[in-house]
Amino acid sequence: MPNERSYPTAEDKALVAWAQQGDMLAFEELVARHRDKIYARAFSMMRNEQDAIDLSQEAWVKAWQRLAQFQGESSFATWMTRITINLCLDLLRKQKRLRAESIEEMNEESGGVERQMPVVTVNPTEGLERTELRKRIDAAMEKLSYEHRTVLVLHEFEEMEYKQIAKVMGCSIGTIMSRLFYARRRLAALLQDLRKEDAP
Amino acid sequence: MNRDMQFKIQALADGELSAAEAREVSALLAHDPAAAALHAELRQLREAMIGLEEPRSLPESREFFWSKIRREIERSERASVAASAEPWWTAWRMWFRPAGVLAGVALVALLFLLPIGRGSGPNAMVAAFADGGAITFRDESTGTTFVWFTYPAENGVAEAAAPTTLTTP
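Remember, predicted model here, so these are calculated numbers, not experimental data.

## Some details on the overall build of chain B
Along its length, chain B carries five helices and four strands. When the helices and strands of chain B are listed from N to C terminus, the series reads α-α-α-α-α-β-β-β-β. Taking the intrachain contacts of chain B between residues at least 6 apart in sequence as the baseline, contacts between residues at least 24 apart amount to 16%. Looking at chain B as shown, the accessible area adds up to about 11,600 Å², and 63% of this sits on carbon and sulfur atoms.

Given below as structure tokens:
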């Protein structure tokens, strides 16, 4: 009986089962629980607050429509995150078609630049407090192109393997390796620059 | 160190190599300082990023955000119900309109091209004067000849580039 359900204390599994039966209150509770995480994932990829809000809203609507397809192979949060990532990638591809590609981006895609970048010999993250390091990584990622930021987000934060990333991004494993390599080297250089700015 | 080796060093740091490949690359690191430095850089960065994603909160209240989601869910469900209630043939409407336009154009083209109501034999002749500066069109059905001069007259005999109509009985 819906009146006896305690939504705030129920586990995700129970809420999903109720929502699959049409219980919108259960789905509302799922939204409340995971909305920040889904928004954060959308923001990390889009780097735009309004896009991230709109995409996370769209992801929740799609999740409701596809709820019957969720069989519990992964956690609900992971399933939701995948929906969000796919929506972000769709929008990024659309935006890329509308946007002229800069020479820098073309160089990044061809992968020629990273071979010339010197290795960062001093660990740019050493000695930093976690909070400060987190902010610096976030600031540095803001400066990457969307392809390189996306591959970093999917590999480092979503812990996806190369072949999984290749599948969702619709490109070869070789392209993913190249983008990840360049993204990391560029990130290291950016963190190094930030460290130098702080040096007395 | 070529590009392939750089990627293998990265794959080693990410645990994406097979056991045999991992041994091969590790052996290289032991003898190549540049390769070892690159591996260290990649590994340090990877370790630094573990669990360090900037947390963010949705900048809208729970109630407001949920109200938008609910509204969109209800709207899409109404649209879905309306679509399933339509007769089967309405799905074909998107093809009827352009097909109708094409049929109309084809009919008009046929009316102009077919010699309906005219006598047999050629009813129009197009000829060019020997000097190539004029074109004539003769419509036998009406006994009308059109002459089009393509250049202005030099001696004033014909007016500048304008069609002249000669009608013969």
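## A look at the packing of aromatic side chains
Two aromatic rings are characterised by how far apart their centres lie and by the angle between their planes. Residue and element names in this part refer to chain A. Following the criterion strictly, the structure yields 10 aromatic pairs over all chains and no others. Between Trp60 and Phe76 the ring centres are 6.1 Å apart and the planes differ by 35°, which places this aromatic pair in the tilted class. Highlighted residues: Trp60 in helix H3 (residues 49-65) and Phe76 in helix H4 (residues 76-98), separated in sequence by 16 residues. The class of Trp60 is buried, set by a relative accessible area of 0%. Owing to a relative accessible area of 3%, Phe76 belongs among the buried residues under this scheme. Ring geometry for Phe70 versus Trp79: centroids 5.0 Å apart, planes at 40°, classification tilted. Under the relative-accessibility criterion, Phe70 is labelled buried at 8%. We classify Trp79 as buried; its relative accessible area is 14%.

## Some remarks on empty space enclosed by the protein
Per the stated rule, a full pass over the model turns up three cavities of 30 Å³ or more. Looking at the largest cavity, its volume works out to about 60 Å³. What lines the largest cavity is simply A:Ser44, A:Arg47, A:Arg134, A:Ile137, A:Asp138, A:Met141, A:Phe157, B:Leu52, B:Glu53, B:Glu54 and B:Arg56. Top contributing element to the lining of the largest cavity by residue count: helix H6 (residues 130-142) of chain A, with four residues. Across the lining of the largest cavity, the residue classes tally to four nonpolar, one polar and six charged.

## Re the layout of surface pockets
In this structure, the largest pocket occupies an estimated 210 Å³ of space. Taken together, 14 residues form the lining of the largest pocket, with A:His155, A:Glu156, A:Phe157, A:Glu159 and B:Arg46 sitting closest to its centre. Taken together, the elements giving at least two residues each to the lining of the largest pocket come down to helix H7 (146-157) of chain A together with helix H3 (33-49) of chain B. Considering each element in turn, the lining of the largest pocket owes the most residues, three residues, to H7(A). Class assignment of the residues belonging to the lining of the largest pocket gives a composition of five nonpolar, two polar and seven charged. Its volume calculated, the second largest pocket comes out at about 170 Å³. Together, A:Lys62, A:Arg66, A:Gln69, A:Phe70, A:Glu73, A:Trp79, A:Arg82, A:Ile83, A:Asn86, A:Leu87 and A:Asp90 line the second largest pocket. Among the elements that line the lining of the second largest pocket, the one with the most residues is H4(A), at six residues. Grouping the amino acids of the lining of the second largest pocket by side-chain chemistry returns four nonpolar, two polar and five charged.

## A closer look at the interface of chain B and chain A
If you look at the interface, chain B gives 38 residues, while chain A gives 53 residues. For the pair chain B and chain A, the summed buried area comes to about 4,600 Å², and 61% of that belongs to carbon and sulfur atoms. Contact with chain A buries area across many residues of chain B, yet B:Met49, B:Leu52 and B:Arg56 alone supply 17% of it, more than any other trio. Between chain B and chain A we count six salt bridges in total. When the shortest N-O distance is used, the salt bridge between B:Arg56 and A:Asp138 registers 2.9 Å. On the surface where chain B and chain A come into contact, there are 16 residue pairs in polar contact (both at pLDDT 80 or more). Of all the elements in the fold, those that place two or more residues in the side of chain B that touches chain A are helix H1 (3-14), H3 and helix H4 (62-85) of chain B.

## What about H6(A)?
Taking 1.5 Å per residue, 13 residues should reach 18 Å; H6(A) reaches 18 Å between its end C-alpha atoms and fits that length. Buried residues of H6(A): A:Leu133, A:Arg136, A:Ile137, A:Asp138, A:Ala140 and A:Met141, and no others.

## With respect to the pattern of salt bridges
Opposite charge on two side chains permits them to pair, given that their charged atoms come into close proximity. Under the definition given, this model contains 21 salt bridges over all chains. A:Arg41 is the salt-bridge partner of B:Glu53, the closest N and O atoms lying 2.5 Å from each other. Here B:Glu53 is found in the loop between H3 and H4, whereas its partner A:Arg41 is found in helix H2 (residues 24-46) on a different chain. Classification of B:Glu53 as partly exposed rests on a relative accessible area of 22%. Its salt-bridge partner being B:Glu74, residue B:Arg70 comes within 2.9 Å of it at the nearest N-O pair. Highlighted residues: B:Arg70 and B:Glu74, both in helix H4, separated by four residues, approximately one helical turn. Residue B:Glu74 is classed as partly exposed on the basis of its relative accessible area of 30%. Linked through salt bridges whose partners overlap, the residues forming this network are A:Asp12, A:Glu29, A:Arg33 and B:Arg62.

## Here's the deal with the side chain of A:His148
Residue and element names in this part refer to chain A. Position of His148 among the secondary structure elements: in helix H7. Looking at His148, the relative accessible area reads 0%, which means it is buried. Among the polar contacts listed, one links the side chain of His148 to the side chain of Ser145, at a separation of 2.5 Å.

About the cut-offs
Residues numbered from 1 in each chain as written. Chains lettered and ligands numbered in written order. Predicted model: local features only at pLDDT ≥ 70, side-chain atom pairs only at ≥ 80, totals over all residues. Heavy atoms only, no water. Helix = DSSP H or I, 4+ residues; strand = E, 2+ residues; numbered from the N terminus. Contact = heavy atoms within 4.5 Å. Areas by Shrake-Rupley, 256 points an atom, 1.4 Å probe, with all protein chains shown as cover. Phe/Tyr/Trp six-rings, centres within 6.5 Å; stacked < 30°, edge-to-face > 60°. Buried < 20%, exposed > 50% of the residue type's maximum accessible area, 1.4 Å probe, protein only. 1 Å grid on protein atoms, 1.4 Å probe; cavity = no way out; pocket = protein on both sides within 12 Å on 5 of 7 lines; lining within 4 Å. Points joined across faces, edges and corners; volume = space filled by probe spheres on them. Nonpolar A, V, L, I, M, F, W, Y, C, P; charged D, E, K, R; others polar. Buried area = accessible area lost by both parts, 1.4 Å probe. Salt bridge = Lys/Arg side-chain N within 4 Å of Asp/Glu carboxyl O. Polar contact = N/O pair within 3.5 Å; in protein donor to acceptor, adjacent residues only side chain to side chain. Expected span 1.5 Å × (residues − 1).

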